[in-house]
Amino acid sequence: MMTERENWFEVYNHGKPEWTPNLFDTYHYVETSAFANKGYGPDGRGGVDLYGVEWICTEDTGWMATPNPRKILFDFEDIENWRDYVQFPDVDSVDWAAAAKRDLEGFNRDEKVLVLWSFEGNFNRLQSMVGTAEALIAMVEEPEACKDFFDAHTKFLMDINDRIIEYYKPDVFAMGDDYAGADSMMISKDMYNELLKENEIKLGHGVLKHNVILEHHLCGYAEPVIDDIIETGATIWSTAQPMNDIVGIQKRVGDKLMIDGGWNSTGTFNYDGASEESVRAESRRCLDTYFNNGFYQCMPVIVGNGEDFENRCRWAADELHNYSAELFKKMRK
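Parameters and conventions
- Residues numbered from 1 in each chain as written.
- Predicted model: local features only at pLDDT ≥ 70, side-chain atom pairs only at ≥ 80, totals over all residues.
- Heavy atoms only, no water.
- Helix = DSSP H or I, 4+ residues; strand = E, 2+ residues; numbered from the N terminus.
- Rg over C-alpha atoms; globule rule 2.2 N^0.38 Å.
- Buried < 20%, exposed > 50% of the residue type's maximum accessible area, 1.4 Å probe, protein only.
- Contact = heavy atoms within 4.5 Å.
- Lys, Arg positive; Asp, Glu negative; His and termini not counted.
- Charge placed at Lys NZ, Arg CZ, Asp CG, Glu CD.
- Pairing = 2+ DSSP bridges.
- Arc of directions from axis to C-beta.
- Phe/Tyr/Trp six-rings, centres within 6.5 Å; stacked < 30°, edge-to-face > 60°.
- Right-handed = clockwise from strand over helix to strand, strands pointing away.

## What about the overall build of the protein chain?
Item 1. When you go through the protein chain residue by residue, the secondary structure sums to 11 helices and 10 strands.
Item 2. For 333 residues, the compact-globule estimate of 2.2 N^0.38 gives 20 Å, and the C-alpha radius of gyration of the protein chain, at 20 Å, lies within 12% of that figure.
Item 3. Dimensions along the principal axes, computed over C-alpha positions, put the protein chain at roughly 65 × 40 × 40 Å.
Item 4. The buried share of the protein chain, reckoned over its 333 residues, is 51%.
Item 5. Long-range contacts, defined as pairs at least 24 residues apart, comprise 66% of the intrachain contacts of the protein chain with a sequence gap of at least 6.
Item 6. Placing the 32 positive and 60 negative side-chain charges of the protein chain at their respective mean positions leaves the two points 7 Å apart.

Okay, structure coming up:
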C-alpha cells in the first residue's frame, strides 16, 4: 500500500493513485518559527507578531489566530507614513538551520507531503496592522501609498521565502491572501489588478525558481481571479469552496490547477452534534461532484475539539478514503 505522500504525488502527476487525498491526513504543514508571523507565543496560541501586532487565538476563534481589532499598529489615515510604524526584520539575523531543525523535528519525509506556509499576503498584512474595513478604505483613498507598502512587503516576503525553501526543502509552498467573501470578492477586479496582482506573480515566480510546487490559497468567492492564480505559477488552488462553480472551473482550466477543497464549510455536519451519516454524506458529495478523474484533493472543514470533533474527522477521512478507492477502481475498469 502507498504512503500518503506517494499517493498524493500519483494524484498530482496524473498517475495511478489508490484514493483521493484528505488534506489533513496527507499534508504536514509547517510555518517557520524564525519570526512570529501571527504572534504565536510559546503555547502556540496568540501573542505579538514580528511587527508588534497582537493576535488572538482562542476557542472562540476556532483556534485560528486573528488580529486584535482593538489594538491597531497605526491609523489607516496615516498610510502615507507607514514606514514610521513598520520595520522589516533582517532575514539574515536568524539561524535558519536551527529553526528548520526545530520545526521539522520528528517529521518523516517519506510519509507525508511537507507544505510550508508563507507569511501573510499583502492585503492580510495591511489588514492586520490597521483593521479590515480600514485597509479597504486605505486602498480606495490612498492606492499609491498602499502599493508602496505592498511592494516593500513583497520584497521582504521574497527574501524570507528564499531562506525557508533553502533550509526546509518543502514539497509544496503555500502562499496566498484573503480578499474574498462568501458571495463576492472584497475588492474589485480592477483594484486587484492595480494593487495586488503584480506582487502575487512576483512571489509565485520567486518560489518556482526553486523547483517547488506552488499552491495558492484564496478561500471564498475567487472565480474572478482564477486565471490570475494560474498566472502566478500555482498549480493547486485552496481552499476551493462551493460558492464557486468548481466543476465549471475544472472543465475550463483542465489540469492547469488541482482543486484542493470542495467541502461545504457552512454545513451543519461541520459542527458538534452532527451525525455520522451527515459527515459521510458530505464526503461522498464532494467526491461525486469534484472527483474529476482523480485530479482532486478534499479539505474537510470540520471545527471543534474533543471526542466529538475527532469522531467527525475520523468519519470524513474514512469515507473519503474508502469511497474514492471504489471510484478509482471503477475508473480503471
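Here the narrative resumes, following the displayed structure.
## Notes on the sheet that holds strand β4 (residues 66–67)
Item 1. A sheet is described by the order of its strands in space; here 3 strands give the open sequence β2-β3-β4, paired in antiparallel fashion. The outermost strands of the open sheet, each flanked by one partner alone, are β2 (47–48) and β4.
Item 2. Looking at chain direction, strand β3 (residues 54–56) and β4 are connected through 2 bridges and run antiparallel. The residue bridging Ile-56 from the neighbouring strand is Thr-66, located in β4.

## Topic: helix α9 (residues 246–253)
Because each turn of an α-helix spans 3.6 residues, side chains separated by three or four positions end up pointing in the same direction.
Item 1. Considered for burial, the residues of α9 that qualify are Ile-246, Ile-249, Gln-250 and Val-253. Seen along its axis, α9 keeps its buried residues to an arc of 100 degrees; they face one direction.
Item 2. On its buried side, α9 packs onto α8 (226–231), β8 (236–240), β9 (258–261) and α10 (276–290).
Item 3. Two residues or fewer past α9, Gly-254 is found with a positive phi of approximately 60 degrees.

## Observations concerning the pairing of strand β5 (residues 113–117)
Item 1. Within β5, 4 of the 5 residues are buried, which leaves it mostly tucked inside the rest of the structure.
Item 2. For strand β1 (residues 27–30) and β5, the ladder comprises 4 bridges, and the chain directions are parallel. Its bridge partner being in β5, Tyr-29 is matched across the sheet by Val-115.
Item 3. In this sheet, strand β6 (residues 172–176) lies alongside β5 in parallel orientation, the contact comprising 3 bridges. The residue bridging Leu-116 from the neighbouring strand is Phe-173, located in β6.

## A few points about the packing of aromatic side chains
Item 1. This structure, assessed with the given rule, holds 18 aromatic pairs.
Item 2. Note on Phe-149 and Phe-150: the rings are 5.9 Å apart at their centroids and 55 degrees apart in plane angle, and the pair reads as tilted.
Item 3. Here the aromatic cluster, defined as three or more aromatic residues joined through ring pairs, consists of Phe-35, Tyr-51, Trp-82, Phe-88, Trp-96, Phe-149, Phe-150 and Phe-156.

## Quick look at unusual backbone geometry
Item 1. A cis amide bond links Ser-238 to the next residue, Thr-239, at an omega of -15 degrees.
Item 2. Position of Thr-239 among the secondary structure elements: in strand β8.
Item 3. Positive phi values are uncommon outside glycine, yet His-14 reaches one of about 60 degrees.
Item 4. Turning to its location among the elements, His-14 is positioned in the loop between α1 (4–12) and α2 (23–26).
Item 5. Since its relative accessible area comes to 45%, His-14 is described here as partly exposed.
Item 6. If you check the backbone angles, Asn-292 has positive phi at about 50 degrees while not being a glycine.

## Thoughts on the pairing of β6
Item 1. The element β6 is largely enclosed, with a buried count of 5 among its 5 residues.
Item 2. Burial along β6 is two-sided: Val-172, Ala-174 and Gly-176 and Phe-173 and Met-175, pointing in opposite directions, are all buried.
Item 3. Direction of pairing for β6 relative to strand β7 (residues 213–217): parallel, over a ladder of 5 bridges. Paired with Gly-176 across the two strands is His-217, which belongs to β7.
Item 4. What joins β6 to β7 is helix α7 (residues 189–208), and the crossover it makes is right-handed.

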